[in-house]
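# Summary of structural features
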Amino acid sequence: MLLNKNKPQENTIFEFLWIAKIMKKLSIYFLLIFFLFSCNSTEHVIDGKYLLTKNTIVIDSVKTSGTELQKYILQKPNSRFLGMPFGVYFYNIGDTSKPKKASEWAIKNPKSYQFIKRFFSEKQSIAYANSFINLNKWFLEFDAPELLNEKKIKKTQDNLSAYYKTQGFFKSKVSAKIDTLKKKAKVTYRINKGNPTVFDSIQIKIQSPILDSIYKNSGITSLLKKGEQYKDQTFRNEAKEVVKLFRNNGIYNFTESALGFYVDSTRTDNKTNVDFLVSSNRLIENNGKYIERPYKLHTIRKINVITDYSFNNSLQKFKDTLNYKGVQFLAYNKILYNPKYLYENIFLKKDGIYKDTLTNLTRRNLKLLNNFKSTIIKFSYERNAEDELTADIFLAPFEKYTLGFDTELTHSNIRNIGVSGKFSLTNRNTFKGAELAKMSFLGSWFNSQNGPGWEIGSDLSLEIPRFVAPFGLSKFVPKQMSPRTLFSLGSSFQKNIGLDRQTFTFLTDYKWQYSPTKTIQLEIFNTQYIKNLNVSSFFNIYNSEYQTLNSISKLYNNTSNDLTLPNGATNFMNTVVNDANFRASNPEEYNTSLNILNRYNIITSDFLIPILAYSYTFNNQTSFKDNNFSFFRARIANSGNFLGLFSSERNENNKKTFLNIPLAQYFKTDIEYKKFWEMNNNSVIAFRTFLGAIFTYDNSSIPFVKAYFAGGSNDIRAWQTYELGPGARNNGLEFNIGSFKFLSSLEYRFDVVGKLKGALFIDAGNIWDISGSSFVNENEKLTNFSSLQNIAIGSGLGARVDFNFLILRFDVGFKTYEPYLQNQKWFRNYNFSNAVYNIGINYPF
């Protein structure tokens, strides 16, 4: 390359670096393309075998995804990402014929093995061999090519045929067609359902007088109805309901084996008659023979509670016993629990009839005490009495004192990188009523744009498994709802974090399980006192506001000198907002100064925030692995209404105070809904929407910590935390907040390979101002439906690594629609250079 001698050297160096950068990118792209083209999913498929690439389901000549049929298909193609089976590619890099031991590797690679041994040692040569062996094993842990198996195809046909018979299609036909091309195979399953069979006459015959009386008096409605389609699941549900009915009405030993469904299969008109029979007797074993016994109504004659059960002491004799209201409490050492409070969670009653619901309720409530490792309830017959039971409740307690320690790495646009830790000490059964006392100490350190910062704090909490309330209010919530009372007291101190906030918190919280899916929470005296210790750093932290104010100062004073910090800036704000002449001559600059002063007063103000709140939560998720469920939560909160009645004092900003502390006065409502759908191939569609609003009154301001913000790894991921909004305003401020928020997210989660999972997502939302303040610009306000055009939209993709105990998440968010832009709001900055890279723990919602 010829260089121009007249060209400055700096430009020549810049061109060289630019060319090097381009070459680096091209080399990366070239290597990626080379890797993809060199991957061959059928590389290790031997002749005569085929890689299964696709299953197609055709039902009555209509092609369908057949989501409900996937579990009956025994052979499925390898999972794909972006249309490619990356798992197979990695698996093919490995080789099943390679050595499994270092000695075998040494025989196959003698030169390499002896070279390492000669220059280092035998130990190093073995480690060298194991490194290759382990790498090969790692590749072979990925998805092996799914080879076509005709036996599995035939078994799948049988499975599908059997499934449709359970749905009433007794004449259905299932066939499978295999298409092969270049060691790849596709399978098409064709299903002709035929006409369904429906129920005709239904007769229920109960031979036992006791069972017949219970059934008739219950008023239960049978699930088997004339004219409805035959389905196996209907019979299962009917059997489950009948068993539940009898076992909740004293028939302890009733099981499904006593039920029989007899279906008439002789009819040819696609109708069937059903006889539902309930046996009059049960079978019991006696000296190796089975004899019949009639069903009887069972009562509970004795209740024993072992409070310190363990496998090691189960053969020992009890040393302590105590009777409370007919329940016998026993211990191998000493009874450490107050029987009164354990009795409140035992719903089985002496001389009461046996009920499954009461047994399960007792087990659940005792488990929710968080005092016992296990809760086992066993029933046995009283001697010479087949209708009387003894209930033995075995409680295996946790250790009284337990220590906990948690650590976490953090990263955001506010905190570049940081680490936090929490140490806790838990004391169970603190006052012999199954209480949980917990003392925690927390600390964090991080590095930010303003240098190193830290936070320390501690809190003390006491959770009582019952309501602690005056005037007999606890009677309004039954014990069956597992009422809880939580008292908490805490404090935290910050250094070089914002304005070095100091916080004191006191909380009284009532919570109860209204039903298995519904929870109600009532926060009483949830009081927080916030004090800012470093107000003088306001303009150092909110530098953009200082720059704006500084430019107005130069115009106002006709000078080029900068405002001094902090006194110069604060004095200038108070001066300029009281200058009527400047307001008339420079209305825009005047309003800007007024806005900055208002924001300064809100953020730097101390606050007393006494909250009274009510929360309702619905969650029908049955277990951690359940991916088909809904979640709904609504919370209504008020701050300052009660304490405001006891004070008429106001500060210089005309804000109501209590004990000379500004009182936060507002109503706040949050509504959140989430829905999850489990799709085929271990994929999930997740939807989340949130709506929140804050309404202040009596000239109060919204505390910064209670205001809404947008952006971040769990929010709108195409913007950083506090970066977006309010509305269509792009003011460049570091921390943007609002009093109204809307957020909605749709995410598709899927498996990639091994523990690696992927996601595609769309986030939409923003914050607005609904305070009606004159300090707020019009494009920041939510005035009517036209303001919804300022909803920002971000989209992107993510990668997640599932470690079972946690999920490490990496999401890339692209700005898709930016409401604050003047022109070309769609996809204007949809690129990697303007993307936001989010690192998080667990799913965003």
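Computed from a predicted structure; not experimentally measured.

### With respect to the overall build of the chain
Along its length, the chain carries 15 helices and 32 strands. The dimensions of the chain, computed from C-alpha atoms along their principal axes, are 110 × 85 × 70 Å. Across the 845 residues that make up the chain, the buried fraction comes to 43%. Residue pairs in contact within the chain that sit at least 24 positions apart in sequence constitute 62% of those at least 6 positions apart. Taken as two groups, the 106 positive and 72 negative side-chain charges of the chain have centres that lie 5 Å from each other.

### A look at the sheet that holds strand β4 (residues 184–192)
Taking strand neighbours across the sheet as the criterion, the four strands line up as β2-β1-β4-β3 in an open arrangement whose pairing is mixed. The open sheet is flanked by β2 (62–64) and β3 (173–181), the only strands paired with a single partner. The sheet shows a mean angle of 30° between the axes of neighbouring strands, taken without regard to direction. Both strand β1 (residues 51–59) and β2 contribute to a ladder of three bridges, which runs antiparallel. Bridge pairing links V58 to K63 in β2. Against the sheet, helix α6 (residues 150–166) contacts β1, β3 and β4, and its axis sits at roughly 150° relative to β3.

### Looking at the sheet that holds strand β11 (residues 320–324)
Spatially, five strands are ordered β11-β12-β10-β14-β13 in an open sheet, and the strand pairing comes out mixed. Looking at strand neighbours, the two that pair on one side only are β11 and β13 (372–382), the edges of this open sheet. Ignoring strand direction, the axes of neighbouring strands in this sheet form an average angle of 20°. Inspection of the sheet shows strand β10 (residues 299–306) paired to strand β12 (residues 327–331) by three bridges, in the parallel sense. Paired with N304 across the strands is Q328, a residue of β12.

### Points about the packing of aromatic side chains
Aromatic ring pairs: the centre-centre distance and the angle between the two ring planes describe each pair. Within the structure shown, the criterion is met by 56 aromatic pairs. With centroids separated by 6.4 Å and ring planes inclined at 40°, the aromatic side chains of F676 and F845 adopt a geometry described as tilted. Residue F676 is found in strand β26 (residues 666–678), and its partner F845 is found in the segment after β32 (836–841); the two are separated by 169 residues along the sequence. Sitting over the face of the ring of F398, R428 holds its NZ or CZ atom 4.7 Å from the ring centroid. Just above the ring of Y843 sits the side chain of R749; from NZ or CZ to the centre is 4.2 Å.

### Here's the deal with the pattern of salt bridges
Between side chains of opposite charge, a pair can form as their charged atoms come close. All told, the structure shown has 34 salt bridges when counted by the stated rule. Across the pair R267 and D200 runs a salt bridge whose closest N-O atoms are separated by 2.8 Å. Here the residue R267 occupies a position in the loop between β6 (259–263) and β7 (271–278), and D200 occupies one in strand β5 (residues 198–206), the gap between them amounting to 67 residues. With a shortest N-O distance of 3.2 Å, R635 and E523 are connected by a salt bridge.

Reading the values: the criteria
Residues numbered from 1 in each chain as written. Predicted model: local features only at pLDDT ≥ 70, side-chain atom pairs only at ≥ 80, totals over all residues. Heavy atoms only, no water. Helix = DSSP H or I, 4+ residues; strand = E, 2+ residues; numbered from the N terminus. Buried < 20%, exposed > 50% of the residue type's maximum accessible area, 1.4 Å probe, protein only. Contact = heavy atoms within 4.5 Å. Lys, Arg positive; Asp, Glu negative; His and termini not counted. Charge placed at Lys NZ, Arg CZ, Asp CG, Glu CD. Pairing = 2+ DSSP bridges. Axes fitted to C-alpha atoms, helices over the stretch in contact; angles between N-to-C directions. Phe/Tyr/Trp six-rings, centres within 6.5 Å; stacked < 30°, edge-to-face > 60°. Lys NZ or Arg CZ within 6 Å of the ring centre and 35° of its normal. Salt bridge = Lys/Arg side-chain N within 4 Å of Asp/Glu carboxyl O.

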